[in-house]
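Summary of the model geometry
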Amino acid sequence: MFERLERLPDDPILGLMAAFRADNSPEKVDLGVGVYRNGRGETPVLECVRRAERAVLERQSTKTYVAPAGNAAFNQAMERLAFGAGHPALNAGRVCTIQGVGGCGALRLGAELIHAASPGSVVHVSSPTWANHVPLLTGCGLKLETYPYYDPATGGVRFGEMLQALESLPAASVVLLHASCHNPTGADLSEEQWREVLAVVQRGRLLPFIDMAYQGLGAGVDADAFAVRLFASEVPELLVAVSCSKNFGLYRERAGALHILTESASRSQAALSQEVRIARRLYSMPPDHGAAIVSEILADAALRDLWQREVSDMRERILALRRDLVRELRAACPSRDFGFIAAQRGLFSFLGASPEQVAALRADYHVYMTVDSRINVAGLRGENLKYFARSVGQVMR
Ligand code: LMR
């Protein structure tokens, strides 16, 4: 049977990890997969996670199943983190949550729910969007179309064109939006622009599906959730996929959640019952360890404060790196303006290099990034920043 299967090319993002590992150059620079790195180039276990993990393991008396929708304390804590404690939509019982297998699992659960409600729906994603949105959303039968988003000339958003495209969508179209730290471009909407998008969504009766994978790493834990909280106050239906991979540093533990907001508590419960059935069909139940850690952190005032400080340290380091990178690139490649990198947020920016230049950076300088020239800014540090800027200067001048 399996002789018919062809070997597939590596994943465009994950394939870089193996290529980087196989490179023996002492100068190699990994700006590929989107994981946070500290000044030593490590992706550390957060201190709040270490402490919470100890407490969880000491208390744990069984490994029996948790529940089909996952850890209830985690789900509630994630609702308050995303929507803000006391949000009217939460108080009205209009939000139901199912734990996901990471943010990817949450996105897939959202896609499956849309497909169950309206088979073959079209999801409109930004151009460009995170590469893995495509298989995650289309894998269950949804169709994908794009709306204009990134403007390489300015490093910002083609906002007028984006609005125009959204205005023209038929009612009930699904629009996937990145809450903050847009992946792959780093170009985010301002609060004023979010209000304009909301008005279009309301007029067109569109279904917003917000992906919030980087809460806290852009402008702040609350600021990054601005769109979620605004939309939840104003729209009848909303899906929000959240991830704990980056802001809790829990990548391999696969902790995430899908929040479902509908017009009433009973409809949200109905949607949740569908999700539980979908999850049962796909993987039965989510893993518990990461969710238990997050719920411990968010329930304990001291751990929560520590987490806030650790997230803020990550965010400040990324922002400082963005400023340093612009300075070094200005010196190494004066013919180009990279100032947009300092205005963007989160882990990613597009360098603006062609695929040939990306290949040359890798072959000649051992610098790794995805072929669209997305760089993970957090992969830079004092020791490799100048080297990276000089390499870019050589290849892109
Ligand atoms: C990325 O965009 O690099 C991260 O979200 C990791 C992944 O799974 O692609």
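What you see as residue numbers is a count from 1 along each chain, following the sequence as written. Only residues with pLDDT of 70 or above have their local features reported here, since the model is predicted, and side-chain atom pairs are shown and tallied only from 80 upward, although totals for entire chains, interfaces and linings are computed over all residues. Each side-chain value is derived from all of the structure's non-hydrogen atoms; neither hydrogens nor water enter the calculation.

**Regarding the site of the ligand**
Any residue with a non-hydrogen atom lying within 4 Å of a molecule or strand is treated as near it. Every residue near the ligand is listed here: Ile13, Val33, Gly34, Trp130, Asn183, Tyr214, Lys246, Phe348 and Arg374. Between the ligand and Trp130, the relevant distance is 2.9 Å, taken from an oxygen atom to a side-chain nitrogen or oxygen of the residue. In the environment of the ligand, an oxygen atom lies 3.0 Å from a nitrogen or oxygen atom belonging to the side chain of Asn183. In isolation the ligand has 260 Å² of accessible area, and contact with the protein removes 82% of it. Its atoms largely coinciding with the cavity grid, the ligand occupies the largest pocket. Reported domain spans reflect what an automatic or database domain assignment gives. Residues lining the shell around the ligand come from more than one domain, with at least three contributed by each of domain 1 (8–44 + 316–396) and domain 2 (65–299). Nitrogen and oxygen atoms within 3.5 Å of one another constitute a polar contact, given that in protein one can donate a hydrogen and the other can accept it, and given that sequence-neighbouring residues count only through two side-chain atoms. Per-residue and other accessible areas follow the Shrake-Rupley method at a 1.4 Å probe size, with only the shown protein chains counted as cover for residues. A cavity here means a set of points on a 1 Å grid, drawn over the protein atoms and nothing else, where a 1.4 Å probe fits but cannot get out; a pocket is an open set with protein on both sides within 12 Å along at least five of seven lines, and a residue lines either one if it has an atom within 4 Å of a point. A molecule is counted as occupying a cavity or pocket when more than half of its atoms fall within 2 Å of that pocket's grid points.

**Here's the deal with the layout of surface pockets**
Of the volumes computed, that of the largest pocket is approximately 980 Å³. Elements supplying a minimum of two residues to the lining of the largest pocket: α1 (15–22), β1 (29–30), α5 (102–117), β8 (207–212), β9 (238–243) and α15 (382–396). Lys, Arg, Asp and Glu make up the charged group, whereas Ala, Val, Leu, Ile, Met, Phe, Trp, Tyr, Cys and Pro make up the nonpolar group; the residues left over, Gly among them, are polar. Its residues placed into classes, the lining of the largest pocket shows 22 nonpolar, 12 polar and 12 charged. If you count residues domain by domain, the lining of the largest pocket takes at least three from each of domain 1 (8–44 + 316–396) and domain 2 (65–299). Grid points are joined across faces, edges and corners, and a volume is the space filled by probe spheres set on the points. Considering only enclosed or pocket space, the second largest pocket measures out at about 600 Å³ in volume. Lining the second largest pocket are 27 residues, and of these Ala117, Leu207, Glu237, Leu238 and Leu261 lie nearest its centre. Breaking the lining of the second largest pocket down by element, the ones donating at least two residues are α5, α8 (191–204), β8, β9, β10 (255–261) and α10 (265–282). Strands are runs of DSSP state E lasting at least 2 residues, helices are runs of H or I lasting at least 4, and numbering of each runs from the N terminus.

**Section: the state of the cysteines**
To count as a disulfide, a pair of cysteine sulfur atoms needs to be within 2.5 Å. If you walk through the whole model with that rule in mind, you get 0 disulfides. Sulfur of Cys96: no disulfide; nearest cysteine sulfur belongs to Cys244 and is 18 Å away. Three labels apply to residues, based on accessible area from a 1.4 Å probe with only protein chains included: buried if under 20% of the type maximum, exposed if over 50%, partly exposed otherwise in between. Given the relative accessible area of 5%, Cys96 is considered buried.

**Focus: the domain arrangement of the protein chain**
Once the domains are mapped, the protein chain shows domain 1 (8–44 + 316–396) and domain 2 (65–299). Taking only C-alpha atoms into account, the centre of domain 1 sits 28 Å from that of domain 2. Note on definitions: a residue-residue contact is assigned when non-hydrogen atoms from the two residues lie within 4.5 Å. Contacts between domain 1 and domain 2 engage 16 residues on the former and 19 residues on the latter. Once two parts are put together, the accessible area they lose, assessed with a 1.4 Å probe and summed over both, is termed the buried area. Taken over both partners, the interface formed by domain 1 and domain 2 buries close to 1400 Å², and the fraction arising from carbon and sulfur atoms is 62%. It is Arg345, Phe348 and Phe350 in domain 1 that bury the most area against domain 2; as a group they hold 36% of the surface buried on that side. Here, a salt bridge means any side-chain nitrogen of Lys or Arg that lies within 4 Å of a carboxyl oxygen of Asp or Glu. Put simply, domain 1 and domain 2 have 0 salt bridges between them.

**A look at the packing of aromatic side chains**
Each aromatic ring pair is summarised here by two numbers: the centre-to-centre distance and the angle between the ring planes. Aromatic rings from Phe, Tyr and Trp, with only the six-membered ring used for Trp, were paired whenever their centres fell within 6.5 Å, and each pair was classed as stacked if the ring planes differed by under 30 degrees, edge-to-face if by over 60, and tilted otherwise. According to the stated counting rule, one finds 6 aromatic pairs in the structure shown. Judged by centre distance (5.4 Å) and plane angle (90°), the ring pair of Phe20 and Tyr368 falls under edge-to-face. Of this pair, Phe20 sits in helix α1 while Tyr368 is found in strand β12 (residues 367–368), placing the two residues 348 residues apart along the sequence. The class of Tyr368 is buried, set by a relative accessible area of 5%. Seen in terms of ring centroids, Phe248 and Trp307 are 4.5 Å apart; in terms of plane orientation they differ by 5°. Their pairing is stacked. In this pair, Phe248 sits in the loop between β9 and β10 while Trp307 sits in helix α12 (residues 301–332), placing the two residues 59 residues apart along the sequence. For Phe248, a relative accessible area of 0% translates into the label buried. Here Lys28 stacks its cationic end above the ring of Phe20, 4.4 Å away from the centre of that ring. Working rule: Lys NZ or Arg CZ, within 6 Å of ring centre, within 35 degrees of ring normal, means a charge sits over the ring. The side chain of Arg374 reaches across the aromatic face of Phe348, ending 3.8 Å from its centre.

**Some points on the packing of helix α11 (residues 289–299) against α12**
Running from N to C, α11 and α12 point in directions that differ by 100°, and their axes come no closer than 5 Å. What the angle tells us is that α11 and α12 run roughly perpendicular. Across from Glu296, Ile297, Leu298 and Ala299 in α11, the residues of α12 making contact are Ala301, Leu303, Arg304 and Trp307. Grouping the constituent residues of the contact of α11 with α12 by class yields 6 nonpolar, no polar and 2 charged. Axis geometry follows a simple rule: fit a line to the C-alpha atoms, using only the stretch in contact for helices, then measure angles between N-to-C directions, giving values from 0 to 180 degrees. The labels follow the angle: roughly parallel below 35 degrees, roughly antiparallel above 145, roughly perpendicular from 65 to 115, and oblique for the rest.

**Focus: the pairing of β9**
Summarising burial for β9: 6 of the 6 residues are buried, a large majority. Judged by which residues are buried, β9 turns out to be covered on both faces: Leu238, Val240 and Val242 on one side and Leu239, Ala241 and Ser243 on the other are all buried. By the convention used here, strands pair only if DSSP detects at least 2 bridges between them. One ladder, built from 4 bridges, connects β8 with β9; its direction is parallel. By the bridge assignment, Asp211 is partnered in β9 with Ala241. The pairing of β9 with β10 spans 6 bridges and is classified as antiparallel. Note that in β10 the partner of Val240 across the bridge is His259.

**A look at the sheet that holds strand β4 (residues 143–148)**
With mixed pairing, the 7 strands of this open sheet are ordered in space as β2-β10-β9-β8-β7-β3-β4. Pairing within the sheet leaves two strands with one partner each, and these edge strands are β2 (95–101) and β4. For this sheet, the mean inter-axis angle between neighbouring strands, taken without regard to orientation, is 25°. The sheet contact formed by strand β3 (residues 122–127) and strand β7 (residues 174–178) spans 2 bridges and is parallel. Counterpart to His124 in the pairing with β7 is Val175.

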